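Read off the chains here:
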Amino acid sequence: MGDDSEWMKLPIEQKCEHKLWKARLNGYEEALKLFQRIDDEKSPEWSKYLGLIKKIVTDSNAVAQLKGLEAVLAYVENAHVAGRTTGEVVSGVVCKVFNQPKARAKELGLEICMMYIEIEKAEAVQEELLKGLDNKNPKIIVMCIETIRKALSEFGSKIVTLKPIVKVLPKLFESREKAVRDEARLLAVEMYRWIRDALRPPLQNINSVQFKELEEEWVKLPPSAPKQTRFLRSQQDLKTKFEQAASSDGVDGDEDEEAPPQVDAYELLEAVEILSKLPKDFYEKIEAKKWQERKEALEALEVLVKNPKIEAGDYGDVVRALKKVIGKDTNVMLVAAAAKCVVGLATGLRKKFGTYACLVVPTILEKFKEKKPNVVQALQEAIDAVFLTTTLQNISEDVLAVMDNKNPSIKQQSSLFLSRSFRHCSPSTLPKSLLKPFCAALLKQINDSAPEVRDAAFEALATALKVVGEKAVNPFLADVDKLKLDRIKECAEKIELAGGKKVAGAEKKDVKSATKTAPVAEAPPAKPAAPPKKAPVVKAGGPPKKGKVAGGAGAKGKKAAVETKDVVETELSDEACEEKASAVLPASCMQLLGSSNWKERLASMEEFQKAVEQMEKNEMPCQALVRMLAKKPGWKETNFQVMQMKLHIVGLIAVKGNFSKTSALVVLECLVDKIGDVKCGIKSKEALTAIGEACSLPWTAENVVSMAFAQKNPKNQAETLSWLANAMKEFGFSGINVKAFINNVKTALGATNPAVRTSAIALLGVMYLYMGTPLRMFFEDEKPALLTQIDAEFEKMQGQTPPAPFRGSIKKGGQDESEEAEEPDDEGGNDVMDLLPRSDIGEKITSDMVSKMSDKNWKIRKEGLDEVATVINEAKFIQPNIGELPIALKARLGDSNKILLQQTLTILQQIATAMGPNIKQHVKNLGILIITVLGDSKSNVRAAALATLNAWVEQTGMKEWLEGEELSEELKKENPFLRQEVLGWLAEKLPTLRTVPPDLMLCVPHLYSCLEDRNGDVRKKAQEALPTFMMHLGYEKMFKATSKLKTASKDQVVSLLEKARTNMPAKPAAPVKAAASKPAGSVKAAPASAKPQLSPACDESEECVPDSSKPDPKKAKPAGAAAKGKGVIGKKAPIKSNAKEEEDKSGPIFTHVPNGKEQRIKEEKGLKVLKWNFTTPRDEYIEQLKTQMSSCSAKWLQDELFHLDFQHHIKALTAMIEHLEDEKDATISCLDLILKWFTLRFFDTNTSVLMKALEYLKMLFTMLSRENYHLNEHEASSFIPYLVLKVGESKDVVRKDVRVLLSMMCKVYPASKVFTFLMDGTKSKNSKQRAECLEELGCLIESYGMHVCQPTAAKALKEIAVHIGDRDNSVRNAALNTVVVAYNACGDQVFKLIGNLSEKEMSMLEERIKRSAKKPAAAPVKQVEEKPQRSQGGNPNVSLMRRPPLEEVPSKLKIMYRTYRIQSRSQNVHPEQSSPSIPREFQLDLDMIENDHTRVSEMPDLVQHKLDELLEPVLIPEPKIRAVSPHFDDMHNSIASTINFVISQVASGDINTSIQALAQIDEVLRQEDKAEAMSGHIDQFLIATFMQLRLIYSTHMADERLDKDDIVKLYSCIIGNMISLFQMEMLAREASMGVLKDLMHGLITLMLDSRVEDLEDGQQLIRSVNLLVVKVLEKSDQTNILSALLVLLQDSLLATASSPKFSELVMKCLWRMVRLLPESVNNINLDRILLDIHNFMKIFPKDKLKQLKSDIPLRTLKTLLHTLCRLTGPKILDHMTMIENKNESELETHLRRVVKHSMDQTSSKSDRETEKGANGMDEMASKSKVSDILAEIFKKIGSKENTKETSDEGLTELYEYKQKYSDADIDPFLKNTSQFFQSYVERGLRMIELEREGKGRVQSSSSGISPQSADTFVPSSTATAPSIPTNGEEVKPAVYLERLKILRQRHGLENNSKQQEERSHLTSLLSKPSAPTVASSTDMLHSKLSQLKESREHYHQESNQSHTQSSSTTSSVTNLDDLKKRLERIKSNRK
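The structure displayed is predicted, hence computed values, not measured ones.

### Here's the deal with the overall build of the protein chain
Then, number 1: A count of helices and strands for the protein chain gives 103 helices and zero strands.
Then, number 2: The buried share of the protein chain, reckoned over its 2031 residues, is 55%.
Then, number 3: Restricting the contact set of the protein chain to residue pairs at least 6 apart, pairs at least 24 apart contribute 76%.
Then, number 4: Here the protein chain displays about 89,900 Å² of accessible surface, and carbon together with sulfur accounts for 52% of that area.

Shown next, in the form of structure tokens:
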């Protein structure tokens, strides 16, 4: 029992670890209760048990373990930290619980695993369970399988990943243990519930008996889909939904069960690598002469490819070998075997085989000529398998190419293949663009002579009809007669769109049925003329937005269609015509047709016309009637009236009847013959138009043009072309066969008759409206003069849209057309490209050329590449067939010779341009390799690869690149160059896409790995790409993809996802439908998808339509570059403006494109575009700017901006001026482009444009300044250098405006950076420019002070001084003036800064300086003119700075740091002294206040209580500078930026600049109502401060040239500021830990700097630092400072270079903190402090600390911990939550020991000793050292060697020591000294006491801090020291005046509290005290600040008088009177 009583008292966690099992059992029971009792899942209590959970699970005692498992289950269920224990606990459960005999233990173990899955740890649990399957104990295996089964049953296959289970399942079936096999069977049954037949393939190889048993079990399973019954914590919403559904549906819910989810078995399989397993002699054998050897090779391959899933690799050689066998092997058995191998490869690789599809498809299709069924069947299976790996689009060209083959078997099998392929398609994957060429080819085959070809074609058409519906197919079946159409529909009804196995059977069935119905289909049409007559009318419209079907095969398809139309109407004989005509015409009409009398013929025509008008459409024999009109005299009619009537009747017949092409051919020639006739031409054109409507314009136009040019009559030719141009506008461009008459147009262009040429050019202009830039490519070879005319015509058409057609298809196509127009046409933009004549270069790519390219000698390889380049260049436009070239180029993309690699990339770029959209089919086998090249280490190679890639994408669109796994495989490669380039490319392209293939998701895991890549550029690019992925895939999908990441990675990626979610770009809007405004039959040359690089924002704007047409790369003229919207080049606005154009101009001229500017900057930085840097602008810069502006400026404005005529520029500028105010945001968003455009104008010679440009720029910069906009570096560097060029303009008026602009520039761009550009301008050869730049530099220095000089004042002034010796007089003068301005700013220091000058130059400079000093009144004249309201006779104390007019003041205040001004040099009394520049805002401008009667509420109270103080007669007048300007409150909007700037100046390398900044901050800190402005900037200020301390320590102190007084002054300012800051607890607490650590480091380093001690005031400086350190320790956030000191101590002990003294001082600070702990312990974050101590002890264990030379660190640490324990008690142990692994240090052990010890002892003696030790350490005075310290102090006081200052210092130390230790006994040290010495010491101590009392009174009223409360003297936080002149002689009056003030206060005189609040006490001034009084550190600080302020003021007398004390006093009194009067006036105004 004794033992029991011991462990019963222990805490729960200790019981759980006890060695007695009973204790553990009890502990587990209590823990269980505790876990069930804790409500808060985030309670810190949970963390205590993190380390115990695994131990509980693995408890060796079965009884205790059972109870422990219950506790663990409760823990996992309730604790938020439980997830951290998953791996080790589940591992423990598997190993130590699943093998237990007790069922309850196993049950609990299983439940724990399930609970871990519920808290989102399924993967970790599954991993441990799968590991358990490898255990040797069968019990464990059985339990693991059971757990997996139960998890799958309850959570479902989405939570439990099946793939790894499928992998191990066959192995389980092979187990020797029956229990394992039985459990495996149950698991297989459960898996089958979830994935059905997908489980069969992986289990095919198990024992057949077992498989049979499984199948029997599977059959019993219900067909309904299983449902998840248990849910994750994150799925609670889903759980609720399920429960609601279950309660509402009841029994009926089962009926609506959804089908089981389809899981692809392929995904569950492991990929097998087969390439390495190929026989070594495979490639030799497969090309062997003996067929047996070839067979062996194929059989070996066939075995390998039977694997259901094959690992990806390079199968190019294998596929080529198989292709050769299929194509060329004579042994048909081997052909079939090779086909089977292709099937295996395609099935095993799936989408990865798509790369090789285009290699084998043409060969298989050609091989269908074989008759043997087994070969045909093998080939069918092969091509079907290949089809599933690619898309119909990719192989369409190959299929269409064989559809016209002469061999009927090939045609039949191609059609059957199409039929089978269509079944796998959907309406979206079988678009009209693809359907159209296939239908055209199949329609030709349904008329084929071979019945099997016809049947196959019918089946293919029927399948297409079934897949996409009648509505989509009917337009292509318009010419099919009714019988055939019925046959197609009948077939379609029988077709079943079955997937998988049923397809083949369905095909056979359909073929049979088609064969049976073939005779019916072949029945000839009863009335051949009627239906075809109507057909052409419908056909004329064609599908909307199409020029022509894709590719060459499409052209064939079109011809096929035309051929069917040609058989429309048979030609009738003259007799038949006369017979038919006489049946419908009056007899008199027929008789008089050939009369010799023209009047009779005219009468006959009138009767003819009446008869035609009355006829019905179907009754009119059109051919007979037009032949009657041709009856003699026919078309040679001489009377124009009769002829007009004839032509009119022809048109009437064409309109009213079923007018066939046969009829048209009768009359066309005569119509063309009469088209040029003056009297009959109009009627002839009308007739032609009517025929065009009847027979389609494309056919009519082709015949009419060829007939016109067969004649020699130029008039007819000209009029024909004019008619055609007009007809195109009326009919639209649909179906026009450009190639058919382009040669005739070329002939016309070369005609001698100018009318013909003019008509031809006008026709080209109309065609240009529809075709855009590609049209020009047909005429590249024309003469330059002619090309110029063509270009001019094209320019006229720019900006115009094609008119809506009202004839032809629109009129008659009706409903179908409008419906068809609704479907977006992605391919439309490429149709115009298809019209270009393309040559087949396949034969030109010879085997010799290919072998050259693969030669070992690089020179021969280069020859081969050169030959290829020549072939492509000569061909210009090529067909997709390029022979063996892809294979050869593929090899060269891996060439080790980078020059050849780049040449290969150039060739690929040429191929893309030459082949056009057909390049798509080469993307997978050639294009993807271009991406691989992006991983090259050479940047120029990568740039070339990227350019090539973009050239390909421009032709293909992005879809092909994103489909499949190829892109993700590239990203998978761990090549940093490849990754960053690909991600950058995707980030650019993805935002422009509206949709992406789902395969993009495959890239996401690799994107996540890139986010954590070790390469920074890769990470950056990945972060940029993240939002673009998210815009397409969605946040949810991407978040879900993070589940497979490790925990640490997941947290990082999820945070980046959250960030990206906010920056996600919007998807581009769908392109505006053109159905209403555009011709339905016209060519749409610019689909949204054609230009992926288009900015997404463009979609909204009508003007901003991307260009799909490819501009000619060789064309250098601007007219040919970058075609804009709707295929029209944007260069010049049309000369004639109509109402529509005016309406266009009324809209906004600039468009705000989100992130447009940022994207441009990124592109320029990434060198994707030219950097805007040139001496004269080249064409490529202009074109680049033009392209960039297209997305954000109105089309008409861009035409004006880039016009060659300057008058258009003026128009554009006028419009820009008008719109400036209305479009501020848009202007700012494209400001970089606007400024770049103006730089181009700076190179123009036209003055009117230049003046207009400068006028706009002035308005622009005024607006930017008003909007508080700041130019970014990109904008500034693109504009300012070119503006600086114009400052040297010869015309004064221009120069003046440029100078104005430069002065305005400083309002929107930092003056220091403008300074740099101007410095560059001084290097110009233009003397005017040099002079003006120097003058402007002078203005900048005058306005902003010396700190504006960049990079440093010395370097800048040296460069400026060089120009003093310039040859040009104006440059010399400007340089001298600038140096004089610098002299006025910094005095004699300028001579050091400018360096060595020649004697002559120096004398010139000195003379100029003297002259400037002699004329004080000259300088302010200009300033007075600028501000007329300034009073001329101002007070001499008031600064006469240049300043803006009153109304501009508020806007100027917003940019404080730009308005610094120095005092006028005429006001400088002491020119030799340096005069720091003072910010405008920190001066009290009485003139402005006096004249301003509006600001009633803005006058601060501070001015009020200065009045009484100013009346004091004994004080030197206080400087006019106030801490904060009266207008400080106006600046609340920009106050943060102002403070930021001033703080940045604190760290300046220039001492004066830093002092100025510190003074300004000090003035803000002194005023309580303003000090809060510093809130939020404390860390920033402290960082700047300790940076300055480092700078002084490392640089200034070592610089012998610097005056040490300046350094002391800087130190004083810094310490004064810091003390002011740390007086205010609110601000002091804002300092963060890291900053405090660095600050303390800087201060301690300063205290230890021996160089500081050597300075005159060094000791007092160190005391001040000591005081400051105390303040920092007391006032800072106690957690932060304690933490900072601990880290600092750790660093100092680790650093070998650190001095022991440094560590000692840090520890003293820590002892000080220990003393403060009783008051501050409640405010300290103990968790964080203990974490820091833990980290300290981890690095410095107790043993290591003992090894240190000193034991003080160890004692310090113990004392700190002991104090913390004493103050908090046992609760201290609850504050260790932030420590992850407590075992890493001895902290916990130590704390427990101390806590236990403190509990045993109520009062601890050691505490007192510790406290005493702390005090002793703090004061360097432990008892052992007291006597030494006092001895040292007395040595200082009494030593004869010491100076007076040292004695005073000793007395001060003695006084302070006595104050600290009142019981200290100094008698032993005094008793042996002389009486004189004793009196001296007592007198000195009394004097110090008297002085301290006086100071204490002042402080008690101002700061409330008693002198006794601090170790050293405390400064006043609101002190404003009186001014003391800087020279030493004038110090004493101030000192004595201050002493008098103290005495008066002591005796109760003038003890004004208000006054005391405003002023603080000052004692003697440091250097030469006249009494044995010691000046405190605070006094010294305030003295220095006072000197600083005084140096700013420059008081002077109106007459030049000597500066005696009396005259100074007189001046002061005068000034006081004046100030008093002014302030009285201000007060009266306010009232």
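Back to the write-up after that little detour.
### Quick look at the packing of helix H49 (residues 885-892) against helix H50 (residues 898-915)
Then, number 1: Closest axis-to-axis distance for the H49/H50 pair is 9 Å, and the angle between their directions is 145°. Here H49 and H50 pass one another in a crossing that is left-handed. Residue-level contacts link Leu885, Leu889 and Arg892 of H49 to Leu901, Thr904, Ile907, Leu908 and Ile911 of H50.
Then, number 2: Here the contact of H49 with H50 is built from residues that sort into six nonpolar, one polar and one charged.

### Focus: the pattern of salt bridges
Then, number 1: Tallied over the entire structure, the rule returns 79 salt bridges.
Then, number 2: Of the charged contacts in the structure, one is a salt bridge between Glu1058 and Arg1061, with a shortest N-O distance of 3.9 Å. Residue Glu1058 and its partner Arg1061 are located together in helix H59 (residues 1047-1062), separated by three residues, close to a single helical turn.
Then, number 3: The exposure class of Glu1058 is partly exposed, given its relative accessible area of 36%.
Then, number 4: On the basis of relative accessibility, which here comes to 40%, the residue Arg1061 falls in the partly exposed class.
Then, number 5: Here Arg1295 ties to Glu1332 by a salt bridge, and the two come within 3.2 Å at their closest N and O atoms. Here Arg1295 is found in helix H69 (residues 1292-1308), whereas its partner Glu1332 is found in helix H71 (residues 1327-1344), with 37 residues between them in sequence.
Then, number 6: Here the residues in one salt-bridge network are Glu111, Glu118, Lys150, Glu154, Arg230 and Arg233, joined through shared partners.

### Considerations on the environment of Asp866
Then, number 1: Of note, Asp866 is situated in helix H48 (residues 858-875).
Then, number 2: Taking the C-alpha atoms as reference, Asp866 lies 9.5 Å from Met853; in sequence the two are 13 residues apart.

### Side note on the packing of aromatic side chains
Then, number 1: Scanning all chains against the criterion turns up 27 aromatic pairs.
Then, number 2: Ring geometry for Phe35 and Tyr49: centres 5.2 Å apart, planes at 90°, overall edge-to-face. One end of the pair, Phe35, is in helix H3 (residues 21-37); the other, Tyr49, is in the loop between helix H4 (45-48) and helix H5 (53-57), and 14 residues separate them in sequence. No difference in accessibility class separates Phe35 from Tyr49, as the two residues are buried.
Then, number 3: Seen in terms of ring centroids, Phe211 and Trp218 are 5.9 Å apart; in terms of plane orientation they differ by 85°. Their pairing is edge-to-face. Grouping residues by exposure puts Phe211 and Trp218 together as buried.
Then, number 4: Across the ring face of Trp1237, the terminal group of Arg1241 is positioned such that the distance to the ring centre comes to 4.7 Å.

### Side note on helix H86 (residues 1633-1648)
Then, number 1: With 16 residues, H86 should reach 22 Å at 1.5 Å per residue; the first-to-last C-alpha distance of 22 Å fits that figure.
Then, number 2: If you check which residues of H86 are buried, you get Val1635, Leu1636, Lys1637, Leu1639, Met1640, Gly1642, Leu1643, Ile1644, Thr1645, Leu1646 and Met1647.
Then, number 3: Structurally, H86 contributes buried residues whose contacts are with helix H83 (1578-1596), helix H84 (1604-1623), helix H87 (1650-1654), helix H88 (1658-1675), helix H89 (1678-1694) and helix H90 (1700-1720).

### Regarding the environment of Leu926
Then, number 1: Mapped onto the elements of the fold, Leu926 is located in helix H51 (residues 923-933).
Then, number 2: Ignoring sequence-local partners within four residues, the contact set of Leu926 consists of Pro886, Leu889, Lys890, Leu893, Leu908 and Trp952.

### A word on unusual backbone geometry
Then, number 1: Residue Gln1350 is joined to Pro1351 through a cis peptide bond whose omega torsion reads 0°.
Then, number 2: Take Pro1351: it is sitting in the loop between H71 and helix H72 (1353-1362).
Then, number 3: Positive phi is not limited to glycine here, since Glu120 has a value of about 75°.
Then, number 4: Its relative accessible area of 38% is what places Glu120 among the partly exposed residues.
Then, number 5: Even without being glycine, Ser696 reaches a positive phi, approximately 80°.
Then, number 6: Position of Ser696 relative to the elements: it lies in the loop between helix H38 (681-695) and helix H39 (697-710).
Then, number 7: A relative accessible area of 6% places Ser696 in the buried class.

### A few points about the environment of Leu400
Then, number 1: Along the chain, Leu400 turns up in helix H22 (residues 392-402).
Then, number 2: Taking relative accessible area as the criterion, Leu400 reaches 4% and is therefore assigned buried.
Then, number 3: Considering only alpha carbons, one finds Leu400 and Phe438, 38 residues apart in sequence, at a separation of 7.0 Å.

### Some words on the packing of helix H80 (residues 1535-1546) against helix H81 (residues 1551-1566)
Then, number 1: Look at H80 against H81: their axes get within 7 Å of each other, and the N-to-C directions meet at 135°. When the interaxial angle is binned, H80 and H81 end up oblique. The interaxial crossing formed by H80 with H81 has left-handed handedness. Taken together, the residues of H81 that come into contact with H80 (itself represented by Val1542, Ile1543, Gln1545 and Val1546) are Thr1553, Ser1554, Ala1557, Leu1558, Gln1560 and Ile1561.
Then, number 2: In terms of residue class, the contact of H80 with H81 is built from six nonpolar, four polar and no charged.

Calculation criteria
- Residues numbered from 1 in each chain as written.
- Predicted model: local features only at pLDDT ≥ 70, side-chain atom pairs only at ≥ 80, totals over all residues.
- Heavy atoms only, no water.
- Helix = DSSP H or I, 4+ residues; strand = E, 2+ residues; numbered from the N terminus.
- Buried < 20%, exposed > 50% of the residue type's maximum accessible area, 1.4 Å probe, protein only.
- Contact = heavy atoms within 4.5 Å.
- Areas by Shrake-Rupley, 256 points an atom, 1.4 Å probe, with all protein chains shown as cover.
- Axes fitted to C-alpha atoms, helices over the stretch in contact; angles between N-to-C directions.
- Left-handed = near helix turned anticlockwise from the far one by under 90°.
- Nonpolar A, V, L, I, M, F, W, Y, C, P; charged D, E, K, R; others polar.
- Salt bridge = Lys/Arg side-chain N within 4 Å of Asp/Glu carboxyl O.
- Phe/Tyr/Trp six-rings, centres within 6.5 Å; stacked < 30°, edge-to-face > 60°.
- Lys NZ or Arg CZ within 6 Å of the ring centre and 35° of its normal.
- Expected span 1.5 Å × (residues − 1).
- Parallel < 35°, antiparallel > 145°, perpendicular 65-115°, else oblique.

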